[in-house]
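Descriptive structure summary
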Amino acid sequence: MKPASLLPAVPALMMAALVVAACAGGSVPEARAAGIDAAQTPAADTPEMDALINYLRSHGTTGFIVVQNGELLINRTWRPPAGDAMFANFVYGVSANGYLLEDVASQQKSFIAVLAAIAVDRGLLDVERSVTSYLGAGWSQATPDQEAEIRVIDVLTMSSGLDEQFRYSAAPGATFFYNTPVYAVSKRILTAASGQTLEAITTEWLTTPVGMSDTAWRRRPAALASVGNDTGLVTTPLDVARFGLMIMDGGVNHAGERVVSREQLQAMFAPSQANPSYGRLWWLNSGAYSVRAAGARRDGPLVPAAPTDMVGAYGAFDRRLYIVPSRNLVIVRTGAATNEHDFDQRFWLLLNDALG
């Protein structure tokens, strides 16, 4: 894939023609993933499976993959909803094997978390050091003394204590605040720590070893860059599944080569002090309570119907990567917004019925 700056988003008027040709619906033919045998139709033709597939299809889903015990059980694509101008901003064409190339929104945060973990493995990053030690003074609107107290780990756990204008509002590490502009600083930290571009380390450390051939950073259109994070991770459901399988397998790729250490994976999924349902840029289902992205606190796990060891990479429009070690399960959902109040709970109730 070409560098981010060279490939803008596909204009909205072009999107319909692209997806009609490649995403007419049904299973994707000949979609062979690294570590996955082959594309198949749903695992069983049952009323419960039909209910799950019909729910996803009728709620804006463009790609849905389920891998269990290393077997690709479900691999489906559908056309995106017609006339959804906002979703069009997230589409960058179609891959050679027929998947939409989508900017997966805040799912990118979890990919950055893995890159940060690899940087620690390589001795390039210390998450206990201050952000200032990597970026220099003046990267925030806090006073020099306040800024110097903010560590890399505070940025990775959404507890920097800064507001979206980078002003000091709380002690670092004490309060969970889902802050995308401050999160974007983590990309600058990685490039400063490694001495390489984000594109270079992503290719060398992650996408090439894992076999994610349709994944790259792209420059976002102005409508999306205004949120304070001007590059999007563009990928396909199959590549996201490959990423999830690498994590499921303890940080090794399909060839048995280590990509990231088990120690750093465990650190990435450790509950943060400010929010037991959030680790290092990953959502966790094991907390006694959760603080959601919008700031609301809710008692109990993030998704009551899901296994407690489920971890998730979440993005806008209900983009999801769920990983469940106890069930050796990787699930990917891409697409437009479902417009469901509690999509995750409804999805897991249907999935549990479908898989048994």
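Remember, it's a predicted structure, so these values are computed and weren't measured experimentally.

Glancing now at the overall build of the protein. Helix and strand counts for the protein come out as 14 helices and 13 strands. Out of the 356 residues belonging to the protein, those deemed buried represent 57%. Expressed as a percentage of contacts within the protein between residues at least 6 apart in sequence, the contacts between residues at least 24 apart total 60%. Accessible area for the protein stands at about 14,100 Å²; split by element, carbon and sulfur atoms hold 51% of it.

To continue, consider the pairing of strand β5 (residues 100-103). Taking every second residue as pointing to the same face, both faces of β5 are buried, with Leu100 and Glu102 on one and Leu101 and Asp103 on the other. Across two bridges, strand β4 (residues 91-94) lies against β5 in antiparallel orientation. Residue pairing in the sheet places valine 91 in a bridge with glutamate 102 of β5. Taken together, β4 and the strand that follows it, β5, pair antiparallel across an intervening segment of five residues, in which glycine 98 is found at a positive phi of about 95°.

Enumeration according to the criterion identifies 19 aromatic pairs in this entry. Judged by centre distance (3.9 Å) and plane angle (15°), the rings of phenylalanine 111 and phenylalanine 243 are stacked. Note that phenylalanine 111 is positioned in helix α4 (residues 108-121) and phenylalanine 243 in helix α12 (residues 237-248), a separation of 132 residues in sequence. No difference in accessibility class separates phenylalanine 111 from phenylalanine 243, as the two residues are buried. Considering the side-chain rings of tyrosine 314 and tyrosine 322, the 6.2 Å spacing of their centres and the 85° angle between planes classify their relative orientation as edge-to-face. Judged by its relative accessible area of 1%, tyrosine 322 is buried. Taken together, the aromatic side chains of Tyr55, Phe64, Phe176, Tyr178, Tyr278, Trp283, Tyr314, Tyr322, Phe343, Phe347 and Trp348 make up a single cluster linked through ring pairs. A cation sits over an aromatic face here: lysine 109 above tyrosine 183, 4.8 Å from the ring centre. Against the face of phenylalanine 343 rests arginine 333, its NZ or CZ located 5.7 Å from the ring centre.

So, about helix α10 (residues 198-210). Note that an α-helix has 3.6 residues per turn; residues three or four places apart therefore point the same way. With 13 residues, α10 should reach 18 Å at 1.5 Å per residue; the first-to-last C-alpha distance of 17 Å fits that figure. Its axis deflected by about 40° at glutamate 204, α10 carries its strongest bend there. Taken together, the buried positions of α10 are Leu198, Ile201, Thr202, Trp205, Leu206, Thr207 and Val210. Those residues of α10 that are buried lie in contact with α4, α9 (185-194), β6 (216-219) and α12. A positive backbone phi angle near 80° is found at glycine 211, which sits one or two residues after α10.

Our next topic: α12. Look at α12: 16 Å from first C-alpha to last across 12 residues, which is about the 16 Å you get at 1.5 Å a residue. Counting buried positions along α12 gives 12 out of 12 residues, so the element sits mostly inside the fold. Looking at α12, one finds that the buried residues are Pro237, Leu238, Asp239, Val240, Ala241, Arg242, Phe243, Gly244, Leu245, Met246, Ile247 and Met248. Backbone geometry just downstream of α12 places glycine 250 in the positive-phi region, at approximately 80°.

Before going further, it helps to spend a moment on the confidence of the model for the protein. Looking at the protein as a whole, its pLDDT mean stands at 89, while 87% of the residues score no less than 70. Contacts from residues 27-34, a stretch scored under 50 in pLDDT, to residues over four places away or in other chains number 24 contacts.

Right, let's get into the nonpolar core. Core analysis: the biggest nonpolar cluster contains 97 residues, and Phe64, Leu125, Leu206, Phe243, Trp282, Phe347 and Trp348 have the highest contact counts within it. In terms of residues, this core owes the most to one element, α4, which gives nine residues. Among the nonpolar cores identified, the runner-up in size contains seven residues, and Phe87, Val91, Leu100 and Phe317 belong to it.

Before going further, it helps to spend a moment on the sheet that holds strand β7 (residues 231-235). Taken together, four strands build an open sheet; the order of strands is β4-β5-β7-β6 and the sheet is antiparallel. The open sheet has two free edges, formed respectively by β4 and β6, since each of these has just one partner strand. Taking each pair of neighbouring strands and ignoring which way they run, the sheet shows an average axis angle of 30°. Bridging between β5 and β7 involves two bridges; their strand directions are antiparallel. Its bridge partner lying in β7, glutamate 102 is registered against threonine 235.

Within the secondary structure, arginine 242 is located in helix α12. Of the residues examined, arginine 242 reaches a relative accessible area of 8% and is grouped as buried. In terms of polar contacts, arginine 242 uses its side chain to reach the backbone carbonyl oxygen of glycine 211, at 3.0 Å.

Conventions adopted
Residues numbered from 1 in each chain as written. Predicted model: local features only at pLDDT ≥ 70, side-chain atom pairs only at ≥ 80, totals over all residues. Heavy atoms only, no water. Helix = DSSP H or I, 4+ residues; strand = E, 2+ residues; numbered from the N terminus. Buried < 20%, exposed > 50% of the residue type's maximum accessible area, 1.4 Å probe, protein only. Contact = heavy atoms within 4.5 Å. Areas by Shrake-Rupley, 256 points an atom, 1.4 Å probe, with all protein chains shown as cover. Pairing = 2+ DSSP bridges. Phe/Tyr/Trp six-rings, centres within 6.5 Å; stacked < 30°, edge-to-face > 60°. Lys NZ or Arg CZ within 6 Å of the ring centre and 35° of its normal. Expected span 1.5 Å × (residues − 1). Bend = angle between axes of the 7 residues up to and from the residue. pLDDT = per-residue confidence, 0-100. Core = buried A, V, L, I, M, F, W, Y, C linked by side-chain atoms within 4.5 Å. Axes fitted to C-alpha atoms, helices over the stretch in contact; angles between N-to-C directions. Polar contact = N/O pair within 3.5 Å; in protein donor to acceptor, adjacent residues only side chain to side chain.

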